[in-house]
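Results of the structural survey
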Amino acid sequence: MHTRYFRSSRSFHRPFWRRFFTSGTLIKNVFTLGVLGGVAGLFILAVLFALYSRGLPDPNQLSSRRVSQSTKIYDRTGEHLLYEVHRGERRTLRKLSEGFCMDDAALETDTEGGIPLFAVEATIAAEDHAFCSHKGFSVRGLARAVIFRGSRGGGSTLTQQLVKNAILTNERSLVRKIKELILSVELERRYSKDEIVQIYFNEIPYGSTNYGIEAAAQAYFGKTAHDLTPAEAATLAALPKAPTTYLNNPDRLKTRRDYILGQMKELKFLTDEEWGTAVAEETPIIPRVGSITAPHFVFYVKEMLERDYGAAVVEEGGLRVTTTIDYERQVAAEEAVRSGVEENGERLGFTNAALVALDPKTGEILSMVGSKDYFEEEIDGSVNVTTRPRQPGSSFKPIVYAAAFEQGYTPNTILWDVNTSFPTVVGAYEPKNYDEKERGPVTMRKALQGSLNTPAVKTLFLVGLERVYEFAKTFGYSTLGDLSNYGPSLALGSAEVTLLEHTNAYATFAREGEFVPTAAILKVEDADGGTLFAWERPEATRTMEPRIAQTISSVLSDNEARTYVFGANSFLQLGDRPVAAKTGTTNDSRDAWLVGYTPSLSVGVWAGNNDNSEMTRGGGASAAGPIWNAFMRKALAGTPREIFPVVEIPLTGKAILDGTVPSETFTIDKVSGKLATEFTPVELRETKSCPAIHDILHYVDVQDPLGPPPDKPEKNEQYLFWESAVGGWVDRQAGEPSPTIVRCTPPTESDTVHAPGLIPQISISPSVNGRFVSVAPAITSPRPVVRVEYEIDNRFHAKTVSFPFQVSFEVSPSIGGGSHELSVRAIDDVGNAGVVRQTITLTEPTRVNAVEILTPREDETISRLDENAYSVFVQVRAPSTFSAILLYAEPRAGGAKTLIGSAKNPNTNSLNFRWTLPADGDWILSAVGERTNGQVETSPFVQVTIR
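Since the model is a prediction, treat every value here as computed from it, not as a measurement.

Observations regarding the packing of aromatic side chains
All chains considered together, the criterion is met by 18 aromatic pairs. Taken together, a centroid distance of 6.1 Å and an interplanar angle of 45° make the contact between F396 and Y477 tilted. Of this pair, F396 sits in the loop between β5 (365-369) and α17 (397-406) while Y477 sits in the loop between α20 (465-473) and α21 (499-510), placing them 81 residues apart in sequence. For the pair shown, F396 and Y477 are each scored as buried. Ring pairing ties together the aromatic residues F471, F475, Y506, F509, Y597 and F644, which thus form one cluster.

Overview of the state of the cysteines
All chains considered together, the criterion is met by two disulfides. Linked covalently through their sulfurs, C101 and C132 form a disulfide whose S-S length is 1.9 Å. On the S-S bond that ties C101 to C132, the torsion sits near -80°, and the link is left-handed. Residue C101 is located in the loop between β2 (81-85) and α4 (117-127), and its partner C132 is located in the loop between α4 and α5 (139-147); the two are separated by 31 residues in the primary sequence.

As for the sheet that holds strand β25 (residues 807-810)
Ordered in space as β20-β21-β25, the three strands form an open sheet in which the pairing is antiparallel. Of all strands in the sheet, those with a lone pairing partner are β20 (767-769) and β25, marking the two edges. The average undirected angle you get between the axes of adjacent strands in this sheet is 15°.

Describing the sheet that holds strand β15 (residues 591-598)
The five strands are arranged β5-β4-β16-β15-β14 in an open sheet whose pairing can be described as antiparallel. Single-partner strands in this sheet number two, and they are β5 and β14 (580-585). Taking each pair of neighbouring strands and ignoring which way they run, the sheet shows an average axis angle of 10°. As defined by bridge partners, strand β4 (residues 352-358) adjoins strand β16 (residues 601-608) across seven bridges and the pair is classed as antiparallel. Following the sheet pairing, N352 is matched in β16 by G608. Helix α16 (residues 327-348) contacts β4, β5 and β16 of the sheet and is inclined by roughly 30° relative to β5. In this fold α21 packs onto β4, β5, β14, β15 and β16, with an angle of close to 30° to the strand it touches most, β15.

Notes on the layout of surface pockets
If you add up the space inside the second largest pocket, you get close to 900 Å³. Counting residues per element, the ones that place at least two in the lining of the second largest pocket are β23 (785-792), β26 (818-828), β27 (833-842) and β34 (921-931). Grouping the constituent residues of the lining of the second largest pocket by class yields 14 nonpolar, seven polar and 16 charged.

Here's the deal with the pattern of salt bridges
Evaluation of the coordinates by the stated rule reveals 35 salt bridges. We note a salt bridge from D258 to K254, for which the minimum N-O separation is 3.0 Å. Residue D258 and its partner K254 are located together in helix α12 (residues 250-266), separated by four residues, close to a single helical turn. Judged by relative accessible area, which is 22%, D258 ranks as partly exposed. Across the pair R390 and D591 runs a salt bridge whose closest N-O atoms are separated by 2.7 Å. One end of the pair, R390, is in the loop between β5 and α17; the other, D591, is in strand β15, with 201 residues separating them in the sequence.

Thresholds, definitions, all that
Residues numbered from 1 in each chain as written. Predicted model: local features only at pLDDT ≥ 70, side-chain atom pairs only at ≥ 80, totals over all residues. Heavy atoms only, no water. Phe/Tyr/Trp six-rings, centres within 6.5 Å; stacked < 30°, edge-to-face > 60°. Helix = DSSP H or I, 4+ residues; strand = E, 2+ residues; numbered from the N terminus. Buried < 20%, exposed > 50% of the residue type's maximum accessible area, 1.4 Å probe, protein only. Disulfide = S-S within 2.5 Å. Pairing = 2+ DSSP bridges. Axes fitted to C-alpha atoms, helices over the stretch in contact; angles between N-to-C directions. Contact = heavy atoms within 4.5 Å. 1 Å grid on protein atoms, 1.4 Å probe; cavity = no way out; pocket = protein on both sides within 12 Å on 5 of 7 lines; lining within 4 Å. Points joined across faces, edges and corners; volume = space filled by probe spheres on them. Nonpolar A, V, L, I, M, F, W, Y, C, P; charged D, E, K, R; others polar. Salt bridge = Lys/Arg side-chain N within 4 Å of Asp/Glu carboxyl O.

Right under this line is the structure:
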């Protein structure tokens, strides 16, 4: 007894949570809590119903509409009205041709002209599969609203959508969601399911001013709702979800239509045969609008407003919307697009173009032209091409190169532009340049500006596909798909982007690496003047270091770097105003782009055909270029000239990254072709370089470009393919008249034809008579001597080229009397030279030089000038005593004497002869005066070197 009491006491004093989970009580306790929770939930729900049902509209008064007020959309100044959105409702009431849920036998139907059953089925398939069975709301949708406090849409039943569009606003809040729930339950209580469907089809907005399915059928298909086909009914069923979006994006509308048709087949509303017929049917719709400025931009804004405030509020809520559009620039943009297409479209084979202009500092849209003419049905003019994904072609390359510059590569980095096969998991990829030419080693600067394809693909591999893909996403592209969709062609613009986002990506470069999203609306006010929205510039996201963006701007604004492809006066330049620009052309010329920017304006232009047909000759420069250039000049007229920041290109210490093809430099002997030695005469030495025939992978580890070269570069799967391509190109162009690079191998043997034992030996016994010198040298030489030269004090005086090499000459009067050094140099057939020197004594000169070369001076080196000519001045004393002055040049190493020029009957003391410079080397100049009495006067020789 005592023990049982003790155990009972211990159990009684256990903690509550242990007693709660004691076996046998758990189920009972959980059930009790569930009942209490359910009662509490019902109580809270009842309170909410009581709280929010006060003052709600009467669902029976669906025809009692509030007074509509039009929404006005203005430019950025608020002075130019772009468009007035008004309900101006086009509505024709129609009954159902038969019931769908069949829950009301008293429903009055119209079997002759009513809404067909498959139209109801299309809407049920699109919006609310469980319509006939639920009580007005979706539990999942309700839970979503509670979790996200009403901030996310979706999950609404057909009844809720009717309440939202016909009774309440489209405000996204938990309170509005509760009101919607209450009214939906109330509608379900007061009306049958088929009555709700009938009200829905007469109330719901289908875009523009069309309310109800009958007005939409007549406006979009020119027929009554009763005559719609299943495909047309599915098209209309797709619209209420986002009318403006789908009206302005036919491709997205068709995709949603086909989805609805698929749901109809799955729900057994259509047979397989009926589904096949419906899917194959074309159901284009053309929305009509009244007076409007900047229509594509207006409907872009209207779509945003409908998303945030609902179609009903936009069309009857009296909003005042101030947009970012610059009215004057919008007019200029429309004119540039229209003129560009009209002037060049037929010749180049394109019918349409689009333009976007942004303020790079803020992301504000200043101009948006979605097509040449919004109202031209033949070109699908109502389609806003600025927001449609298209392939950007080479205009995507700056993204790739910017990623490379982040990795340490520079605009000076050398890449080989040679046809290359790139191995990939799906086979070899072999890009070609637009002109199918190869240009050998080029810098990244020239490769980007010349829009070369092979270097761009190599750059992608150097950086890495995934890294380029992730880097591109930081520029705000929303259209990039899964990485698995892309390969090396990503470098050439195979990923689809929109013109709007692409232009903003370039604006990111103008912002020196900061990304901000585009903005179209500055302010939204309600009918009472209250501010619903005021734009504030969002915080920028840094995508790259400022230096990288500045580097891209430096490259893209370098007009000289692209001149070799586009010429100096292409549409990519604005004269003396710096501008960064890049073209893009897709395969088969289906899309032509030109995107560029100054520090204060970023502009993108697309040209092509909306049906994606090929242009005949169009490209980014020729089709989009005139439009872009005309608009830029107009838009920037009268604004200050801006310059891009000067960026210093870093030196990495690696030749291939700093703009030099690595090579081996050596000095050879010109005669033997072998390596020069200390005995090789200076004039026979020649410095040469053998370029290394290797691509960049031979020198750079892609994981660490600035680090040491790879020990085993062949481990990179691309290495052998790139090396083979480079070697093949060098071999192919070796036979051309002026090969860019010649394969060579440095010699390994040293010069053997110039050595001490081979130098000629000379002995002389000169005879001097006053100022006349006679020499008969005695020469012994292992090799034949070809000439002997004579100098006084290192100044050339004479030479002889025939045995026995003796000579007599008068020493120039410019050399005074006294002791002087006579040098005699014997030179053999390979340039070995032996020299002997001896002092001689001369008497004072008794006359002066009658003819003398003043310039150039003795031993002067002449550098080649641009005109490749040099002025030789000759002084003549007593010119009237001469009948002619002749100027000669001859190579010192031997060769014919050439007449440079002559002057007949000179009448001045100074004569100027223009000497067209001959080959490099040492040359002897001499002037000869022919006197009227038949005597000849020769000037002192002048030796010069031409380099």
